[in-house]
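Spelled out, the chains give:
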Amino acid sequence: GRAAAQDYDFFYLVLQWPGSYCDTKQSCCYPKSGKPAADFGIHGLWPNRDDGSYPQNCNPDAAFNPSKVSDLLSSLRAKWPTLACPTNDGLRFWGHEWEKHGTCAADVFDEHGYFQAALRLRDRLGVLAALTSAGVNPDGGYYTLDQIKGAIREGTGFEPYVECNRDEAGNSQLYQLYFCVSAAGDSFVECPVLPRGRPCGSRIEFPAF
Ligand code: 5GP
Ligand code: 5GP
Ligand code: 5GP
């Protein structure tokens, strides 16, 4: 059962492939710290309910305070880079994620704990290594949904939901991965419900970055 103050059942840890954020009609901007590594970055850690709904913007009094995560800033730049335009330092993206999603998990995380948990969860997965060990490489080639999901399941122990977007030519490409995390925020679990989304199709591009 839920603790009294808890208005969600699990989290999505959402990772993004920077090559696919950038490889669209809209394009992208590198952060002030420079081009991020060619690896999956964090989009967010999102409290979610078993019925698919989710709380958001839960505490207007808990505005993002960068000084509370000063020891995490270099890790955030490396592993949670912003690719939105115009070029900025990432504080806007992190602040948006904390205020929209993080403040809804105040029963388990303060601001520092929220960012630290997302960073540690991402590190535990090693998604890119799981893919490349199975021959699924970010080289502009095409793969099936089963190849991608199978490689990640084999290498990490967990099967994500795969979200695709479209490159400039309209090809479906690997954009975001959704992993499910317990309500305590400390372990991966099977997803109680999958995000609603469009099918990726039978050929999925994995663009270089
Ligand atoms: P989009 O419309 O791009 O899919 O989602 C916009 C934003 O809504 C996301 O970045 C995220 O903040 C939020 N969002 C979309 N789907 C979900 C979901 O299934 N769970 C949660 N917690 N937030 C979501
Ligand atoms: P959501 O509400 O969808 O969790 O967060 C997406 C918001 O963060 C949008 O306003 C988007 O412009 C901004 N944003 C900044 N940097 C990034 C990024 O690298 N990836 C994504 N997906 N959104 C970003
Ligand atoms: P099933 O779960 O019955 O195999 O698939 C039902 C539908 O959901 C199929 O169209 C399949 O392609 C789609 N699907 C299954 N897993 C994913 C996923 O991770 N991402 C996306 N976008 N579609 C999926």
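Residues numbered from 1 in each chain as written. Chains lettered and ligands numbered in written order. Predicted model: local features only at pLDDT ≥ 70, side-chain atom pairs only at ≥ 80, totals over all residues. Heavy atoms only, no water.

Participant: Help me understand the site of ligand 3, please; the structure alone is not making it clear to me.
Facilitator: Around ligand 3, the neighbouring residues are L145, K149, Y161, V162, R198 and C200. K149 has a polar side-chain atom sitting 2.6 Å from an oxygen atom of ligand 3. Between Y161 and ligand 3, the recorded distance is 3.4 Å, taken from a side-chain N or O atom to a nitrogen atom. Computed on the free molecule, ligand 3 has an accessible area of 490 Å², of which 45% lies beneath the protein chains in the complex. Counting only elements with at least two residues in the shell around ligand 3, the list comes to helix 6 (145-156) and strand 4 (161-166). Considered class by class, the residues forming the shell around ligand 3 number four nonpolar, no polar and two charged. (Near = heavy atom within 4 Å. Polar contact = N/O pair within 3.5 Å; in protein donor to acceptor, adjacent residues only side chain to side chain. Areas by Shrake-Rupley, 256 points an atom, 1.4 Å probe, with all protein chains shown as cover. Helix = DSSP H or I, 4+ residues; strand = E, 2+ residues; numbered from the N terminus. Nonpolar A, V, L, I, M, F, W, Y, C, P; charged D, E, K, R; others polar.)

Participant: Hey, could you run me through the environment of Q173 in this one?
Facilitator: Relative to the helices and strands, Q173 is located in strand 5 (residues 172-182). Each C-alpha atom of the pair Q173 and G141 lies 9.8 Å from the other, and the pair is 32 residues apart in sequence. Ignoring any residue separated from it by four or fewer positions in sequence, one finds Q173 in contact with S20, D23, T24, E163, C164, N165, R166, D167, I204, E205 and P207. (Contact = heavy atoms within 4.5 Å.)

Participant: Quick question: what am I supposed to make of the site of ligand 1 here?
Facilitator: Taken together, the residues surrounding ligand 1 are Y12, H43, W46, P47, N48, Y54, K100 and H101. Between ligand 1 and N48 there is a distance of 2.4 Å, counted from a nitrogen atom to a side-chain nitrogen or oxygen. Within the side chain of K100, a nitrogen or oxygen atom sits 3.0 Å from an oxygen atom of ligand 1. In the complex, 62% of the free accessible area of ligand 1, which totals 500 Å², lies under the protein chains. The dominant element in the shell around ligand 1, judged by the number of residues it contributes, is strand 2 (residues 41-48), at four residues.

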